[in-house]
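Listed below are the residues making up each chain.
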Amino acid sequence: MPDDSRPGHVTLPSPLHPASRRAPSRRGLLTGVGLTAAALGLAACGAGGKDDGGSDGPTVIVGCYGLSYIAELVAGDAARVVNLAKPGIDPHDLELSVAEVAELEKADLIVTIPAFQASVDDAISSKGLQDAHLDVSTVVDLLPAAGGHGHDEETEETEEHGANDPHFWNDPTLLATVGDEISARLGKIASDRSDTFTANAKQAHEDLDTLDADLAKAFDEVDGPKPFVTSHTAFAYLAKRYGLEQIGITGIDPEAEPSPKRLLQLRDVIDERDLTTVFFETTASPKVAETLAKNVGVEAEELDNLETQLSPDTDYAAVMRENCKKLVASWT
Ligand SMILES: [Zn+2]
């Protein structure tokens, strides 16, 4: 699973490579094999992992965890994947450092989602990197932007960002389709490795289909409508795929206390729809959802939007299953 200790997965050196994520493998070497191995391990790490087969393979750059998860599955040991999104930090509208722009210029493949990261789109056009660019909207149908998307509302960026909802990875079948395309593109870039990419993508596709079937079964076991209230409407693709109904807490600043008027409106929705839970996103302040929950007498619970990987022990599939479990629990 995506992890810094995985051969072939190489993140950029500091500052792109958070030291905290590298620490566990260093510790493992120190305690397990002794100083010589530790020194070797550190040298390999410092050199960007040039001890493995990925170093001379193509480089893929992505800007969120969902994309890095599928890109790493397809890459295996035969390509390196760089994720610009840092764990726990909102990847919407990320700013690029000079080093990151330089890395983009050297990349063999840059996978982007429209209306998500304008700085990456700008670098691609200003540096003429179109040949390396894979826009996911060319292979999967993106949904229109949700009216209540927490990042865009009340800013003029909405127009600039266009009209689609970027959070497509919450539908595992769409992620599998993007994986197939990454495989096809990598196979053209490094034709001697195309069999590896094809086999990896096939395995990833099968695993995502299994995840999809399991989620469908779990959601189908709940009768009737499946509404859920969330502070960040990042789950439209999940809702569409599995017949759920996402209700955004629109008109509420994620960092500020909601108005009494808005609280009353939300209470009405919760009463009407017989909801037990208000969900909030893991990367935002839970204050608003907790206030809502306290004021309208329902539970506050987290949904992980998978924009970054919040724990190295919990991968995409595990988070999808956990989100499903929490949603099902809110209706039963
Ligand atoms: Zn988002």
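Look above for the structure.
Residues numbered from 1 in each chain as written. Predicted model: local features only at pLDDT ≥ 70, side-chain atom pairs only at ≥ 80, totals over all residues. Heavy atoms only, no water.

A.B. asks: Please explain the packing of aromatic side chains as it appears in this structure.
C.D. replies: Each aromatic ring pair is characterised by the separation of its centres together with the angle its planes make. Overall, the coordinates contain eight aromatic pairs when judged by the stated rule. Between Phe228 and Phe235, the ring centres sit 6.4 Å apart and the planes meet at 70°, which makes this aromatic pair edge-to-face. Residue Phe228 is classed as buried on the basis of its relative accessible area of 1%. Assessed through its relative accessible area of 0%, Phe235 is described here as buried. Taken together, the ring pairs in this structure connect Tyr65, Tyr69 and Tyr316 into an aromatic cluster. (Phe/Tyr/Trp six-rings, centres within 6.5 Å; stacked < 30°, edge-to-face > 60°. Buried < 20%, exposed > 50% of the residue type's maximum accessible area, 1.4 Å probe, protein only.)

A.B. asks: It is not clear to me how the packing of helix H8 (residues 194-220) against helix H12 (residues 316-331) should be interpreted in this structure. Could you clarify?
C.D. replies: Two quantities define a packed helix pair, namely the angle between the helix axes and the distance between the axes. The N-to-C vectors of H8 and H12 enclose an angle of 5°; their axes lie 10 Å apart at closest approach. As summarised for this structure, H8 and H12 are arranged roughly parallel, according to the angle between their axes. Where H8 abuts H12, its residues Leu208, Leu211, Asp214, Leu215, Ala218 and Phe219 lie against Tyr316, Ala317, Met320, Arg321, Cys324, Leu327, Val328 and Trp331. (Axes fitted to C-alpha atoms, helices over the stretch in contact; angles between N-to-C directions. Helix = DSSP H or I, 4+ residues; strand = E, 2+ residues; numbered from the N terminus. Parallel < 35°, antiparallel > 145°, perpendicular 65-115°, else oblique. Contact = heavy atoms within 4.5 Å.)

A.B. asks: What should I look at first to understand the side chain of Thr112 in this one?
C.D. replies: Tracing the backbone shows Thr112 in strand E3 (residues 109-112). Discounting chain neighbours no more than four positions away, the residues touching Thr112 are Val120, Asp121, Ile124, His133, Leu134, Asp135 and Val136.

A.B. asks: What's the story with the pairing of strand E5 (residues 227-230) in this structure? I'm lost.
C.D. replies: In summary, the side chains of a regular strand alternate between the two faces of the sheet. The alternating pattern of E5 places Pro227 and Val229 on one face and Phe228 and Thr230 on the opposite face, and all of these are buried. A crossover connection joins E5 to the parallel strand E6 (residues 245-248) through helix H9 (residues 236-242); in handedness this β-α-β unit is right-handed. Relative to strand E7 (residues 277-281), E5 runs parallel, the two being bridged by two bridges. Residue Thr230 lies in a different strand from E7, and its bridge partner there is Phe279. (Right-handed = clockwise from strand over helix to strand, strands pointing away. Pairing = 2+ DSSP bridges.)

A.B. asks: Looking at this model, I keep getting lost on helix H3 (residues 65-75). Mind explaining?
C.D. replies: Every α-helical turn comprises 3.6 residues, leaving residues that sit three or four positions apart pointing alike. Counting buried positions along H3 yields eleven of eleven residues, so the element is predominantly enclosed. Every buried residue of H3 is listed here: Tyr65, Gly66, Leu67, Ser68, Tyr69, Ile70, Ala71, Glu72, Leu73, Val74 and Ala75. Gly76 sits one or two positions beyond H3 and adopts a positive phi of about 50°.

A.B. asks: Mind showing me how you'd approach the sheet that holds strand E8 (residues 299-303) here?
C.D. replies: Two pairing modes exist for strands in a sheet, parallel and antiparallel, and in both the strands are linked by backbone hydrogen bonds. Spatially, four strands are ordered E6-E5-E7-E8 in an open sheet, and the strand pairing comes out parallel. Each edge of the sheet is formed by a strand with only one pairing partner; in this case those strands are E6 and E8. On average, each strand axis in the sheet is inclined to that of its neighbour by 40°, with strand direction left out of account. Helix H10 (residues 260-273) contacts E5, E6 and E7 of the sheet and is inclined by roughly 165° relative to E6.

A.B. asks: Would you explain the sheet that holds strand E4 (residues 133-135) in this entry?
C.D. replies: As summarised here, the arrangement of the four strands in space is E2-E1-E3-E4, forming an open sheet in which the pairing is parallel. The open sheet has two free edges, formed respectively by strand E2 (80-83) and E4, since each of these has just one partner strand. Strand after strand, the sheet turns through a mean of 20° between neighbouring axes, direction not considered. Judged from the two bridges that link them, strand E1 (residues 59-62) and E3 form a sheet pairing that is parallel. When the sheet's bridge partners are listed, Val60 is paired in E3 with Leu109. Along the sheet, helix H7 (residues 172-189) contacts E1, E3 and E4; its crossing angle with E3, the most-contacted strand, is approximately 165°.

A.B. asks: I tried to follow unusual backbone geometry on my own but got confused; where do I start?
C.D. replies: Glycine aside, negative phi is the norm for most residues, and most peptide bonds take the trans geometry. One non-glycine residue, Ala115, lies in positive phi territory at about 60°. Checked against the element boundaries, Ala115 lands in the loop between E3 and helix H5 (118-126). Here Ala115 falls in the buried class, since its relative accessible area comes to 11%. In this model, Leu306 sits at a positive phi of 65°, which is unusual for a non-glycine residue. Along the chain, the position of Leu306 falls in the loop between E8 and H12.

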